[in-house]
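# Inside the fold
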Amino acid sequence: MEDSPALRREMVTVCRRLYERGLIAGPDGNISVRVGSNRILVTPSGMSKVDVEPDDLVEVTLQGERVAGYRAPSSEVNLHVRIYSRRPDVQAVVHAHPPVATGFALAGEGFEANLLPEVTVQLGRVPVVPYATPGTGALPDACEPYLDSHDAFLMANHGAVTTGPSLLLAHQRMESLEHAARIVLTARLLGTVNVLTPAQVAELMSARARTKVSGTHPEVLAREGQQGEE
Ligand SMILES: [Zn+2]
């Protein structure tokens with residue numbers, strides 16, 4: 001994807017949707033899109049995302065150097081560039097602090113079980129990355145072991161990250177993650193959480209393959225590993 005007025009408008013729209021849905025508060029969160037082999041467009045540091053305008057977006061290299069824009073890039077730009085460097089298939093990254101999903105991250109609990117079809121198909125397993133100070137080089141280092149095999153992950157005592165082959169899908173994954181967290185919490189309150197059976201999961205994974213959901217998925221990687229061993 002190339003930097004264009006349409007892309008910048010799409011990014012501004014996603015910033016507002018994250019804010020309006022309560023997935024971020026104040027200056028929380030940041031999003032980016034790949035706009036070349038070595039460049040990304042990322043939200044600026046410090047601004048409430050609801051106030052971000054197309055001209056506020058900042059273009060940086062995968063080495064984190066600003067090449068266009070008059071604002072400082074997000075303090076989490078190092079995490080974004082690490083993801084793009086590690087995952088050539090990723091075209092967009094969304095980081096937010098969705099309250100219920102982040103509550104699970106505080107409890108040290110990811111979404112490892114297969115509970116909801118849309119999570120199994122679109123998000124895969126969602127791990128909790130050990131805590132690292134936001135805005136430092138320690139955060140990308142903590143996330144590194146999870147990047148190859150996950151399109152969504154929680155960061156302990158912090159928030160969530162989703163990735164995708166498009167900004168649309170990365171954003172949908174963030175909304176789905178929070179929605180799933182609410183549903184799982186409700187089931188917990190009611191007292192019973194039924195897990196999908198292996199056969200039900202296998203059927204969902206076939207559907208995932210048919211609809212060509214891109215990105216990585218622990219279930220897919222596990223199967224490819226098994227096939228490779230045969
Ligand atoms: Zn954050």
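Everything below is about the structure shown above.
Below or above, wherever it landed, is the structure these notes cover. Each chain has its residues counted from 1, following the order in which its sequence is written. Only residues with pLDDT of at least 70 are given local features in this predicted model, and only at 80 or more are side-chain atom pairs given and counted; all residues enter the totals for whole chains, interfaces and linings. Derived side-chain values reflect all non-hydrogen atoms in the structure, with water molecules and hydrogen atoms excluded from consideration.

### A short note on the overall build of the chain
Segments assigned H or I by DSSP are reported as helices when at least four residues long, segments assigned E as strands when at least two residues long, and all are numbered from the N terminus. In terms of regular secondary structure, the chain is built from eight helices and eight strands. Only C-alpha atoms enter the radius of gyration, while the globule expectation follows 2.2 Å times N to the 0.38, with N the number of residues. Radius of gyration (C-alpha) of the chain: 17 Å, near the 17 Å computed for a compact globule of 230 residues. With the C-alpha coordinates of the chain rotated into their principal frame, the extents come out at 55 × 45 × 30 Å. Relative to its 230 residues, the chain shows a buried fraction of 47%. Accessible surface for the chain amounts to roughly 10,500 Å². Of this, 52% is attributable to carbon and sulfur atoms. Placing the 21 positive and 27 negative side-chain charges of the chain at their respective mean positions leaves the two points 3 Å apart. Three exposure classes are used, based on accessible area relative to the maximum for each residue type with a 1.4 Å probe and protein chains only: buried under 20%, partly exposed in between, and exposed over 50%. Accessible surface is estimated by sampling points in the Shrake-Rupley manner with a 1.4 Å probe; for residues, cover comes only from the protein chains shown. None of His or the chain ends enter the tally, which takes Lys and Arg as positive and Asp and Glu as negative. Positions of charges follow a simple convention, taking NZ of Lys, CZ of Arg, CG of Asp or CD of Glu.

### Let's talk about the layout of surface pockets
The calculated volume of the largest pocket comes to roughly 180 Å³. Put plainly, a pocket is an open set of points on a 1 Å grid over the protein atoms alone with protein on both sides within 12 Å along at least five of seven lines, a cavity is a set where a 1.4 Å probe fits but cannot get out, and a lining residue has an atom within 4 Å of a point. In terms of lining, the largest pocket is formed by 16 residues, of which the most central are Pro-27, Asp-28, Gly-29, Asn-30 and Ser-75. Grid points are joined across faces, edges and corners, and a volume is the space filled by probe spheres set on the points.

### Quick notes on the sheet that holds strand β2 (residues 39-42)
The strand order across the open sheet built from eight strands is β4-β3-β2-β1-β5-β8-β7-β6, with neighbouring strands paired in mixed fashion. Taken across any chain shown, the strands that pair with only one partner, and hence form the sheet edges, are β4 (66-68) and β6 (128-129). Both β6 and strand β7 (residues 152-155) contribute to a ladder of two bridges, which runs parallel. Directly across from Val-129, in β7, lies its bridge partner Met-155. Strands β1 (30-36), β2 and β5 (92-96) of the sheet are contacted by helix α1 (residues 5-20), whose axis makes an angle of about 165 degrees with β1. Packing of helix α2 (residues 77-86) onto the sheet brings it into contact with β1, β2, β3 (58-61), β5, β7 and β8 (159-164), and relative to β1 it is tilted by some 45 degrees. Here a strand pair is declared whenever DSSP counts at least two bridges between the two strands. We call two residues in contact whenever any of their non-hydrogen atoms come within 4.5 Å of each other. Fitted lines through C-alpha atoms give the axes, limited to the stretch in contact for helices. The angle between two N-to-C directions lies from 0 to 180 degrees.

### Some thoughts on unusual backbone geometry
Of note in this structure, Asn-157 is not a glycine but carries a positive phi near 55 degrees. Residue position: Asn-157 is located in the loop between β7 and β8. On the basis of relative accessibility, which here comes to 48%, the residue Asn-157 falls in the partly exposed class. Even without being glycine, Lys-212 reaches a positive phi, approximately 55 degrees. Here Lys-212 shows up in the loop between α7 (198-210) and α8 (218-229).

### Observations regarding the pattern of salt bridges
Salt-bridge detection follows one rule: a side-chain nitrogen of Lys or Arg within 4 Å of a carboxyl oxygen of Asp or Glu. All told, the structure shown has 15 salt bridges when counted by the stated rule. Asp-56 serves as the salt-bridge partner of Arg-71, at 2.8 Å between the closest nitrogen and oxygen. Taken together, the residues span a long stretch of sequence, with Arg-71 in the loop between β4 and α2 and Asp-56 in the loop between β2 and β3 at a distance of 15 residues. For Asp-56, a relative accessible area of 5% gives the class buried. Its salt-bridge partner being Arg-87, residue Asp-89 comes within 2.8 Å of it at the nearest N-O pair. Here Arg-87 falls in the buried class, since its relative accessible area comes to 4%. Several salt bridges share partner residues, and in doing so they unite Arg-82, Arg-86, Asp-141, Glu-144 and Asp-148 into one network.

### A word on the pairing of β2
Every regular strand shows the same layout, with side chains that alternate between the two sheet faces. Relative to β2, β1 runs antiparallel, the two sharing four bridges. From the neighbouring strand, Arg-34 faces β2, where its bridge partner is Ile-40. The sheet contact formed by β2 and β3 spans four bridges and is antiparallel. Residue pairing in the sheet places Arg-39 in a bridge with Thr-61 of β3.

### Observations regarding the packing of aromatic side chains
Between two aromatic rings, the relevant description is the distance of the centres plus the angle of the planes. Aromatic contacts are taken between Phe, Tyr and Trp rings whose centres are within 6.5 Å, Trp giving its six-membered ring; a plane angle under 30 degrees counts as stacked, one over 60 as edge-to-face, and the others as tilted. With the rule as written, the count across this model stands at one aromatic pair. A ring pair is formed by Phe-104 and Phe-111, whose centres lie 4.8 Å apart and whose planes are at 40 degrees; its orientation type is tilted. Of the two residues, Phe-104 and Phe-111, both sit in the buried class.

### Description of the coordination of the zinc ion
Ideal geometry at a metal gives 109.5 degrees between four tetrahedral donors and either 90 or 180 degrees between six octahedral ones. Donor criterion used throughout: N, O or S atom within 2.8 Å of the metal, extended to 3.2 Å for Na, K and Ca. Water excluded; incomplete-looking sites may result. The zinc ion binds to the protein through His-95 (NE2), His-97 (NE2) and His-158 (NE2), with metal-donor distances spanning 2.0 to 2.1 Å. Read in sequence order, the donor residues for the zinc ion give the motif H-x1-H-x60-H. Residue His-95 is found in strand β5, and its partner His-158 is found in the loop between β7 and β8; the two are separated by 63 residues along the sequence. Of the two residues, His-95 and His-158, both sit in the buried class.

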